[in-house]
Amino acid sequence: MDQIKDAQVMRLIERVGEHYKTNISNRYIRPALLQLPLDKTTWDNVENLTEKFEQHRYEGFHLDEMYRQIAATARFIVATRRDVAPSLRRLSDGGASGPDKVLRDMAVNAFSANLELFANLVSELYNRVKDIDAINAKNKRPFYEQAPEFSDLDDLILNR
């Protein structure tokens, strides 16, 4: 399977990871995320995409692994929209006070917008990977067309 070493893909993966760590899975939101009904494989793939960038910076990403990681992140986004975003204030209502309470409130208030920005970044990454896949496929069908679970990820990510 082809390895992706495209500079734009690498920058996008880095941005996805930074945004995830800072705005999605920060210390104020993470306890609510851990209640999501996602299997270990999905969590592992989300982690590989969002937190293990340095391991792949120089060797690149395998195309099939990249699609699996994007698909898992799409499932994470859908579950988070459905199960966390609507009730985040209640789920994250801890005993924080003072500056910690202000920071928690800021994270909670901005969460839905940050989740949509995260979804847009993942969608941009998915579309760039699809473009590379189509270019590298030459006279064959691109990988995302061969695996039906990868063909409609953009609709899933962007909630269409």
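Residues numbered from 1 in each chain as written. Predicted model: local features only at pLDDT ≥ 70, side-chain atom pairs only at ≥ 80, totals over all residues. Heavy atoms only, no water.

Novice: What should I look at first to understand the overall build of the protein chain in this one?
Specialist: Of regular secondary structure, the protein chain possesses ten helices and two strands. Moving toward the C terminus, one meets the helices and strands of the protein chain in the order β-α-α-α-α-β-α-α-α-α-α-α. A compact globule built from 160 residues would reach a C-alpha radius of gyration of about 15 Å, and the protein chain, at 17 Å, matches this within 12%. In terms of its C-alpha atoms, the protein chain occupies a principal-axis envelope of roughly 60 × 30 × 25 Å. Counting over 160 residues, the protein chain shows a buried share of 46%. Intrachain contacts of the protein chain at a sequence separation of at least 6 include 83% that bridge at least 24 residues. Surface exposure of the protein chain reaches about 8600 Å², of which carbon and sulfur atoms provide 48%. Counting 23 positive and 25 negative side-chain charges, the protein chain places the averaged centre of each group 2 Å from the other. (Helix = DSSP H or I, 4+ residues; strand = E, 2+ residues; numbered from the N terminus. Rg over C-alpha atoms; globule rule 2.2 N^0.38 Å. Buried < 20%, exposed > 50% of the residue type's maximum accessible area, 1.4 Å probe, protein only. Contact = heavy atoms within 4.5 Å. Areas by Shrake-Rupley, 256 points an atom, 1.4 Å probe, with all protein chains shown as cover. Lys, Arg positive; Asp, Glu negative; His and termini not counted. Charge placed at Lys NZ, Arg CZ, Asp CG, Glu CD.)

Novice: Would you explain helix α7 (residues 99-137) in this entry?
Specialist: Think of an α-helix as turning once every 3.6 residues; residues three or four places apart then point the same way. Across its 39 residues, α7 extends 53 Å between first and last C-alpha, which sits within 8% of the 57 Å expected from 1.5 Å per residue. Within two residues after α7, Lys138 carries a phi angle of roughly 50°, on the positive side. (Expected span 1.5 Å × (residues − 1).)

Novice: Could you clarify how one ought to interpret the environment of Val46 in this entry?
Specialist: Following the sequence through the fold, Val46 ends up in helix α3 (residues 40-51). Each C-alpha atom of the pair Val46 and Pro31 lies 16 Å from the other, and the pair is 15 residues apart in sequence. Ignoring sequence-local partners within four residues, the contact set of Val46 consists of Tyr20, Ala72, Thr73 and Phe76.

Novice: Mind showing me how you'd approach the packing of helix α1 (residues 7-24) against α3 here?
Specialist: Any two packed helices are characterised by how steeply their axes cross, that is the angle between the axes, and by the distance between the axes. It is at 7 Å that the axes of α1 and α3 come closest, and there the two elements cross at 110°. Classed by the angle they form, the pair α1 and α3 counts as roughly perpendicular. Between α1 and α3, the residues in contact are Ile13, Val16, Gly17, Tyr20 and Lys21 and Trp43, Val46, Leu49, Thr50 and Glu51, respectively. Partitioned by chemical class, the residues of the contact of α1 with α3 number six nonpolar, two polar and two charged. (Axes fitted to C-alpha atoms, helices over the stretch in contact; angles between N-to-C directions. Parallel < 35°, antiparallel > 145°, perpendicular 65-115°, else oblique. Nonpolar A, V, L, I, M, F, W, Y, C, P; charged D, E, K, R; others polar.)

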